[in-house]
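Structural overview for review
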Amino acid sequence: MTTNLSVSIRELLAASSKLAKEKGIYFDSVRAAFLEGEPWYPGSMFRKQNHIQIAVINPNCIKGIFLPREEVPFPSENLTS
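Residues numbered from 1 in each chain as written. Predicted model: local features only at pLDDT ≥ 70, side-chain atom pairs only at ≥ 80, totals over all residues. Heavy atoms only, no water.

A few words now on the overall build of the protein chain. Helix and strand content of the protein chain: two helices and two strands. Starting at the N terminus and walking to the C terminus, you meet the elements of the protein chain as α-β-β-α. Looking at the 81 residues of the protein chain, the share that counts as buried comes to 11%. Element-wise, carbon and sulfur atoms account for 58% of the exposed surface of the protein chain, whose accessible area totals about 7600 Å². (Helix = DSSP H or I, 4+ residues; strand = E, 2+ residues; numbered from the N terminus. Buried < 20%, exposed > 50% of the residue type's maximum accessible area, 1.4 Å probe, protein only. Areas by Shrake-Rupley, 256 points an atom, 1.4 Å probe, with all protein chains shown as cover.)

Now the structure itself:
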């Protein structure tokens, strides 16, 4: 039997925001591990869809961004000659 413990990052943010208001504590970011999917093999704690989500609440914590570049052909003809 597989249990899906899926919680959205939106639900996590809502819970942390409620705590922040109640306690007067403010969070810059929220990180959570999500254990989802079937086990890779019987008895495994690793699941096929495990992942981590990060939500940055304070935009001042973002120091920079990058723009993905265009895809180039690989292997390059320069490498094969």
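The next point concerns the pairing of strand β1 (residues 29-34). Residue alternation in β1 divides its side chains into a buried set, V30, A32 and F34, and an unburied set, S29, R31 and A33. Both β1 and strand β2 (residues 51-56) contribute to a ladder of six bridges, which runs antiparallel. When the bridges of β2 are listed, F34 appears paired with H51. (Pairing = 2+ DSSP bridges.)

We now examine unusual backbone geometry. Between F74 and the following residue, P75, the backbone shows a cis peptide bond with an omega angle of 0°. With respect to the helices, strands and loops of the structure, P75 is situated in the loop between β2 and α2 (77-80).

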